[in-house]
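Below are the chains, spelled out letter by letter.
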Amino acid sequence: MSARYRTEAINTEGGDGISRILDGMSVDVSSPLAADFDASASNPEQLLALAWVTCLNATAQAIVRGERRTAVRVEVELHAAEAGYEFHVDGYLSAEGLSDAGTADLVAAAHARCPVSKLIGGAATVHVHAEAYAGASA
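Attention here is on the structure that accompanies the text. Bear in mind that the values here come from a model prediction, so they are computed numbers and not experimental data.

Remarks on the overall build of the protein chain
Within the protein chain, the secondary structure is distributed over 3 helices and 6 strands. Mapped from its N terminus to its C terminus, the protein chain presents α and β elements in the order β-β-β-α-β-β-α-α-β. Dimensions of the protein chain along its principal axes, counting C-alpha atoms only, are 45 × 35 × 30 Å. Per-residue burial over the protein chain gives 30% buried out of 138 residues. Long-range pairs, those at least 24 residues apart, make up 45% of the contacts in the protein chain between residues at least 6 apart in sequence. If you sum the accessible surface of the protein chain, you get close to 9,000 Å²; carbon and sulfur atoms cover 53% of it. Positive and negative charge centroids in the protein chain, built from 9 and 18 side chains respectively, lie 15 Å apart.

Concerning the layout of surface pockets
Size it by volume and the largest pocket reaches roughly 400 Å³. Lining the largest pocket are 16 residues, and of these A9, I21, M25, L47 and A51 lie nearest its centre. Elements that contribute at least two residues to the lining of the largest pocket include exactly β1 (9–11), β2 (17–21), α1 (44–64) and α3 (115–120). The biggest single contributor to the lining of the largest pocket is α3, with 4 residues.

A closer look at the packing of aromatic side chains
Counting across every chain of the model gives 0 aromatic pairs. We note R73 situated over the ring of Y92; from NZ or CZ to the ring centre the distance is 4.1 Å.

What about the sheet that holds strand β6 (residues 126–130)?
Here 3 strands make up an open sheet; going across it, the order is β4-β5-β6 and the pairing mixed. Strand pairing shows two members of the sheet lacking a second neighbour, β4 (70–81) and β6, which therefore form its edges. Across this sheet, the average inter-strand angle for adjacent strands is 15 degrees, counted without regard to direction. As defined by bridge partners, β4 adjoins strand β5 (residues 84–95) across 12 bridges and the pair is classed as antiparallel. If you follow H79 over to β5, its bridge partner there is E86. Strands in contact with α1 are β4, β5 and β6; relative to β4, the strand with the most contacts, it is inclined by about 150 degrees. Along the sheet, helix α2 (residues 100–113) makes contact with β4, β5 and β6, crossing β5 at roughly 130 degrees.

Criteria and thresholds
- Residues numbered from 1 in each chain as written.
- Predicted model: local features only at pLDDT ≥ 70, side-chain atom pairs only at ≥ 80, totals over all residues.
- Heavy atoms only, no water.
- Helix = DSSP H or I, 4+ residues; strand = E, 2+ residues; numbered from the N terminus.
- Buried < 20%, exposed > 50% of the residue type's maximum accessible area, 1.4 Å probe, protein only.
- Contact = heavy atoms within 4.5 Å.
- Areas by Shrake-Rupley, 256 points an atom, 1.4 Å probe, with all protein chains shown as cover.
- Lys, Arg positive; Asp, Glu negative; His and termini not counted.
- Charge placed at Lys NZ, Arg CZ, Asp CG, Glu CD.
- 1 Å grid on protein atoms, 1.4 Å probe; cavity = no way out; pocket = protein on both sides within 12 Å on 5 of 7 lines; lining within 4 Å.
- Points joined across faces, edges and corners; volume = space filled by probe spheres on them.
- Phe/Tyr/Trp six-rings, centres within 6.5 Å; stacked < 30°, edge-to-face > 60°.
- Lys NZ or Arg CZ within 6 Å of the ring centre and 35° of its normal.
- Pairing = 2+ DSSP bridges.
- Axes fitted to C-alpha atoms, helices over the stretch in contact; angles between N-to-C directions.

As structure tokens, this is what we get:
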């Protein structure tokens, strides 16, 4: 099967410097573990959160076919691990007008279909949750 889309990212400086998409955007990055952490730059934790929150909500929207509003919130934490560090990631999905059971079913369906969920979903430190819909938030 041929690819529907392809992109390529490059980083030659590690956790502090620039990550970039070939012929596209550049993102200043700074490791939150660095003594000189630059809070105005991005980091892998934020980029992971953005990738999953976007993909999971787009997948939920495809499932509900625009019949209701959905919202997704993703939290990413960095924890020390036996060998280095690991991400602990929680995704929270809510849907306007669905019961708790209906929201739980939507979470399961979206998590099963979302390409980012497929990539990270097998990790013991990744979890998805249904929550009550509170509308759009900042």
